[in-house]
Amino acid sequence: MRPISYSRAGDIAGAIATVSSDPTSDFLAGGTTEIDLLRQNVLLPRRLVDINDLPLTQIEDRPDGGLYIGALARMSDVAEAPMVRERFPMMAQALVLGASAQLRNMASMGGNMMQRTRCGYFRDGVSPCNKREPASGCSALDGFNRGHAVLGVSDHCIATHPSDVAVPLMALDARIHTEGPRGRRVYAIDDFFLQPGDTPHLEHPIEHGELVVGIEVPGMAPARTSMYLKVRDRESYEFALTSVAAVVPMADGVIGDVRLALGGVATKPWRARRAEEVLRGAPADRETFARAAREELAPARTTRLNAFKAELAQRTMVRVLETITATGSPS
Ligand SMILES: Cc1cc2nc3c(=O)[nH]c(=O)nc-3n(C[C@H](O)[C@H](O)[C@H](O)COP(=O)(O)OP(=O)(O)OC[C@H]3O[C@@H](n4cnc5c(N)ncnc54)[C@H](O)[C@@H]3O)c2cc1C
Ligand code: SF4
């Protein structure tokens, strides 16, 4: 048995000071990732600093029509908030399609941004895994990799990023606010998630003891008819094989400043910039949608088991684009 000390932080500065001064300590929010991985000996903290008493549960309006969501707002509260449902429906849809009702009641938005991959080799605690133990190898490269990523992969790691809500946040150019030993920082969400490269153990640019305090979602009027579609092996309680978040403003049948992001197929929440480039200023028709989807998946690096994902992602993109340009977001 490993002894673990537990304390409840009373304020933000205290939480940061405690964790940053002890490399063997972790923040504890809802615990739905942390406790799982601790039980499986994947994470080995000697100290847990419970942050649930910190005043970080707000869901607030911003003057630009956007939102500020505290890191400890629960997934279920954010999914139900009228301002999220009305102004950013794809966020509410992504949240409701994630995990289960019980988990969403516990899981925090900050914890969701920090959750770890579902790669079975990472989570079994013993297989060679560069993410868990740098330079030990990657068991997934020649192993069971049906659910693994096809975009943003490297020779050192092909693990899929698991978050749903990070996908619409990527499409919205959200910003992650942190506080740490060196003060307050704001990260563009694309910079907050790192591709594995040759350092797959580094998933975020933050330092030990840096606390995610909130997520800023910029106002975006066309996001009122946004849409999130998740494709998975079963209809509930399952991670995405592929998912698409989309905002598609139109004028006279021509696509405007489109925002598109993918989940389930990449090593980080994936902004589909190649597809956006094809779509911007083009007619909203099936041929354009298919061309954009093909362009996005052109750099896909697949294995025998996950090659279907490249095709599935393209079909999901086309379906979302057809649906949203025909009818707007489904309720
Ligand atoms: C069975 C199951 C199914 C799931 N399905 C889905 C799904 O379909 N879609 C999906 O998106 N997610 C899914 N999840 C993941 C779930 O959403 C995350 O576990 C959850 O969001 C993590 O939040 P938490 O508050 O419980 O974090 P914790 O478990 O407390 O923490 C997670 C990690 O983040 C760190 N951390 C927590 N808060 C902060 C902070 N504010 N600043 C810095 N570091 C922090 C912790 O130290 C820890 O390392 C599933 C989880 C389970 C167990
Ligand atoms: S894919 Fe990444 S997480 Fe999975 S075994 Fe390889 S290095 Fe580890």
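Rules and cut-offs
Residues numbered from 1 in each chain as written. Chains lettered and ligands numbered in written order. Predicted model: local features only at pLDDT ≥ 70, side-chain atom pairs only at ≥ 80, totals over all residues. Heavy atoms only, no water. UniProt positions renumbered as here; feature names shortened; annotations may be inferred. Helix = DSSP H or I, 4+ residues; strand = E, 2+ residues; numbered from the N terminus. Near = heavy atom within 4 Å. Polar contact = N/O pair within 3.5 Å; in protein donor to acceptor, adjacent residues only side chain to side chain. Buried < 20%, exposed > 50% of the residue type's maximum accessible area, 1.4 Å probe, protein only. Pairing = 2+ DSSP bridges. Contact = heavy atoms within 4.5 Å. Axes fitted to C-alpha atoms, helices over the stretch in contact; angles between N-to-C directions. Core = buried A, V, L, I, M, F, W, Y, C linked by side-chain atoms within 4.5 Å. Salt bridge = Lys/Arg side-chain N within 4 Å of Asp/Glu carboxyl O. Phe/Tyr/Trp six-rings, centres within 6.5 Å; stacked < 30°, edge-to-face > 60°. Arc of directions from axis to C-beta.

### Some remarks on the UniProt feature "domain: FAD-binding PCMH-type" (unreviewed entry) in the chain
Annotation from UniProt places "domain: FAD-binding PCMH-type" (unreviewed entry) at residues 1-222. The span residues 1-222 shows a helical share of 27% and a strand share of 17%, and its end C-alpha atoms are spaced 53 Å apart.

### Focus: the site of ligand 1
By nearness alone, 32 residues border ligand 1, and Phe27, Thr32, Thr33, Ser108 and Asp164 come closest of all. Side-chain polar atom of Ser108 to an oxygen atom of ligand 1: 2.6 Å apart, as the coordinates give it. Within the backbone of Asn112, a nitrogen or oxygen atom sits 3.3 Å from an oxygen atom of ligand 1. Of all the secondary structure elements, the ones that give two or more residues to the shell around ligand 1 are β2 (25-28), α2 (34-39), α7 (109-114) and β8 (211-217). Take the shell around ligand 1: its biggest share by element is three residues, from α7.

### Some thoughts on the pairing of strand β13 (residues 259-263)
Among the five residues of β13, five are classified as buried, and the element is accordingly described as predominantly covered. Of the two faces of β13, the one lined by Arg259, Ala261 and Gly263 and the one lined by Leu260 and Leu262 are each fully buried. In this structure, strand β10 (residues 242-247) lies alongside β13, joined through five bridges in antiparallel fashion. Bridge pairing in β13 places Val244 opposite Leu262. Alignment of β13 against strand β14 (residues 270-271), held across two bridges, turns out to be antiparallel. Bridge pairing in β14 links Leu262 to Trp270.

### Some thoughts on the sheet that holds β13
Here four strands make up an open sheet; going across it, the order is β9-β10-β13-β14 and the pairing antiparallel. The open sheet has two edge strands with one neighbour each: β9 (227-231) and β14. The strands that helix α5 (residues 89-96) touches are β9 and β10; relative to β9, the one it contacts most, it runs at about 25 degrees.

### Digging into the nonpolar core
Among the nonpolar cores identified, the biggest contains 42 residues, and Met91, Met109, Met113, Leu169, Leu172 and Val217 are the most heavily contacted of them. The next biggest cluster of nonpolar side chains, apart from the first, holds 29 residues, and it includes Leu229, Ala275, Ala310 and Val318.

### Thoughts on the environment of Thr303
Looking at the element boundaries, Thr303 is found in the loop between α12 (286-297) and α13 (308-327). In this structure the C-alpha to C-alpha distance between Thr303 and Gly143, which are 160 residues apart in sequence, comes to 9.8 Å.

### Focus on the pattern of salt bridges
Under the defined criterion, the tally for this structure stands at 30 salt bridges. Between Asp61 and Arg87 there is a salt bridge, and its shortest N-O distance comes to 2.5 Å. Taken as a pair, Asp61 in strand β4 (residues 59-61) and Arg87 in helix α4 (residues 82-87) lie far apart in primary sequence, 26 residues in all. Close ionic contact of Glu203 with Lys131 constitutes a salt bridge, the shortest N to O distance being 2.9 Å. Taken together, the residues span a long stretch of sequence, with Glu203 in the loop between α10 (189-192) and β8 and Lys131 in the loop between α8 (120-123) and α9 (166-171) at a distance of 72 residues. The class of Glu203 is buried, set by a relative accessible area of 13%. Owing to a relative accessible area of 12%, Lys131 belongs among the buried residues under this scheme. Salt bridges sharing partners connect three or more residues here, namely Asp173, Asp257, Arg259, Arg271, Glu276 and Arg280.

### Considerations on the packing of aromatic side chains
Counted under the stated rule, the structure contains two aromatic pairs. Seen in terms of ring centroids, Phe192 and Phe193 are 5.4 Å apart; in terms of plane orientation they differ by 90 degrees. Their pairing is edge-to-face. With respect to burial, Phe192 and Phe193 carry one shared label: buried. Members of the aromatic cluster, connected to one another through ring pairs, are Tyr187, Phe192 and Phe193.

### Remarks on helix α1 (residues 12-20)
Buried residues of α1: Ile12, Ala15, Ile16 and Val19, and no others. Here the buried residues of α1 occupy an arc of 95 degrees about the axis, which is enough to place them on one side. Close packing links the buried residues of α1 with β2, β3 (47-50), β6 (175-180) and β8. Capping the start of α1, Asp11 holds a side-chain oxygen 3.4 Å from the backbone nitrogen of Ala13, two or three residues further along.

### Thoughts on the sheet that holds β3
What the three strands build is an open sheet, ordered β1-β3-β2; its pairing is parallel. A strand with exactly one partner marks an edge of an open sheet, and here the two such strands are β1 (5-8) and β2. Between one strand axis and the next, the sheet turns by 20 degrees as a mean value, whatever way the strands run. Relative to β3, β1 is paired through four bridges, and the arrangement is parallel. In the sheet register, Tyr6 faces β3, and the bridge partner there is Leu48.

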